[in-house]
Amino acid sequence: MKKRVLVVHFSQTGQLTRVLNKALSPLRDARHIELVEARIQSSENFKFPWDTIKFFDAFPETVYLDPPQNMPLKIEDEESFDLIILGYQPWFLSPSMPMSAFMLSYQAKKILNAKPVITIIGCRNMWIEAQKTMKELIGDCNARLIDNVVLIDQSGPIESLITTPRWMLTGKKDAFWGLSAAGIKDENINASSRFGERLCEKLKGEITDEPMLSNLGAVVADARFVATEKIAKRSFRIWGALIRLLGKRGSKARVPVVIIYVIFLFLLIITVVPINMAIQTIIRRLFKAKVAKMLLNIEKPSGR
Ligand SMILES: Cc1cc2nc3c(=O)[nH]c(=O)nc-3n(C[C@H](O)[C@H](O)[C@H](O)COP(=O)(O)O)c2cc1C
């Protein structure tokens, strides 16, 4: 019998769609696999490129998992899949709103119930906190995460603080002023077909709880971001709670506080983040073994 694999994903610029097309192309041609692809459609049109205020005004609801609803996915026999692949991107260190809307839906509870799940993430470089939330959402659907693949942008951590917002707010992705282009390198997208090739092999047998994508460089966690993400997520939650008291997303009453938060975030990035990164470098050198163990845990289930 053919293995039924469902891929559910959302992509605003089409980047993650390209990643999934490449990664899953071997599954499409395999005789022993039926691949069903479902693209999430939000009831809200998340316009790209983003308007600056709308972009930042989206963080409170993203972090508090309070997204607009999605259109139901049109899938036949939705409870009969052998494997579910979820393609998502972090927004503000949380799963993007269209993906969290799916995960919170009754339909997701039905589709994912008791199923093995693989997550495929395409993002700037900060995915650790989002994946923590995603694991909880997967658990809430009574499903189990067996693999995780992460593809990150080609610009470094500092460069991408400029190149990613420029891409999101203007739509311009190209290299400029000596900085790399925004987004995931074509080379890395193309190389992701290795995941599909491995899955084709593994899906000839039984699917267990063991990871199928080990030793393929699926996930490399960067120690520099662990504490930074934690601090930033906490700040999103504190400011997000305050902004949500002022009104619904899009309401004028929120705008002044959103602007103050953007200024605060900018100051945080140019002051606290470098200091924190320097402290983290010292800690990493002092506690090499502990940090290595922590990264191994974060990289589970698939690992490097
Ligand atoms: C509102 C918003 C917030 C984002 N926040 C993060 C983030 O916290 N971490 C990260 O690595 N990338 C972040 N990104 C970048 C996305 O994860 C992703 O790389 C980009 O949106 C392109 O994905 P897509 O076109 O496939 O949807 C954010 C993008 C948007 C639009």
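Look up: the structure comes first, before these words.
Cut-offs used in this document
Residues numbered from 1 in each chain as written. Predicted model: local features only at pLDDT ≥ 70, side-chain atom pairs only at ≥ 80, totals over all residues. Near = placed C-beta within 6 Å. Helix = DSSP H or I, 4+ residues; strand = E, 2+ residues; numbered from the N terminus. Nonpolar A, V, L, I, M, F, W, Y, C, P; charged D, E, K, R; others polar. Axes fitted to C-alpha atoms, helices over the stretch in contact; angles between N-to-C directions. Parallel < 35°, antiparallel > 145°, perpendicular 65-115°, else oblique. Left-handed = near helix turned anticlockwise from the far one by under 90°. Contact = placed C-beta atoms within 7 Å.

*Asks:* Can you walk me through the site of the ligand in this structure?
*Replies:* Taken together, 20 residues lie around the ligand, and Thr-13, Leu-16, Gln-89, Cys-123 and Arg-124 are the ones closest in. Of all the secondary-structure elements, those providing two or more residues to the shell around the ligand are helix H1 (15-29), strand E4 (90-91), strand E6 (116-123) and helix H7 (160-170). When the residues that make up the shell around the ligand are grouped by side-chain class, the tally is eleven nonpolar, eight polar and one charged.

*Asks:* Any chance you could explain the packing of H1 against helix H9 (residues 193-202) here in plain terms?
*Replies:* Two quantities define a packed helix pair, namely the angle between the axes and the distance from one axis to the other. Contact geometry of H1 with H9 gives a least axis separation of 6 Å together with a crossing angle of 30°. On the basis of the axis angle, H1 is roughly parallel to H9. Every pair of crossing elements has a handedness; the one defined by H1 and H9 is right-handed. For the pair formed by H1 and H9, the contact residues are Lys-22, Ala-23, Leu-24, Ser-25, Pro-26 and Leu-27 on the first element and Ser-193, Phe-195, Gly-196, Glu-197, Leu-199 and Cys-200 on the second. Its residues assigned to classes, the contact of H1 with H9 comprises seven nonpolar, three polar and two charged.

*Asks:* So what exactly am I meant to see when it comes to the packing of helix H10 (residues 223-246) against helix H12 (residues 272-286) here?
*Replies:* Running from N to C, H10 and H12 cross one another at 135°; their axes reach a closest spacing of 9 Å. Classified by the interaxial angle, the pair formed by H10 and H12 is oblique. Judged by the sense of rotation from one axis to the other, the crossing of H10 with H12 is right-handed. From H10, Ala-223, Arg-224, Ala-227, Thr-228 and Ile-231 reach across to H12, where they touch Val-273, Asn-276, Met-277, Gln-280 and Arg-284.

*Asks:* In this structure, what is going on with the environment of Ala-175? I would like to understand it.
*Replies:* Relative to the elements of secondary structure, Ala-175 occurs in the loop between H7 and helix H8 (186-191). Once the C-alpha coordinates of Ala-175 and Phe-10 are considered, the two residues, 165 residues apart in sequence, prove to be 25 Å apart. Residues within four places of Ala-175 in sequence aside, it is in contact with Ser-180 and Ala-181.

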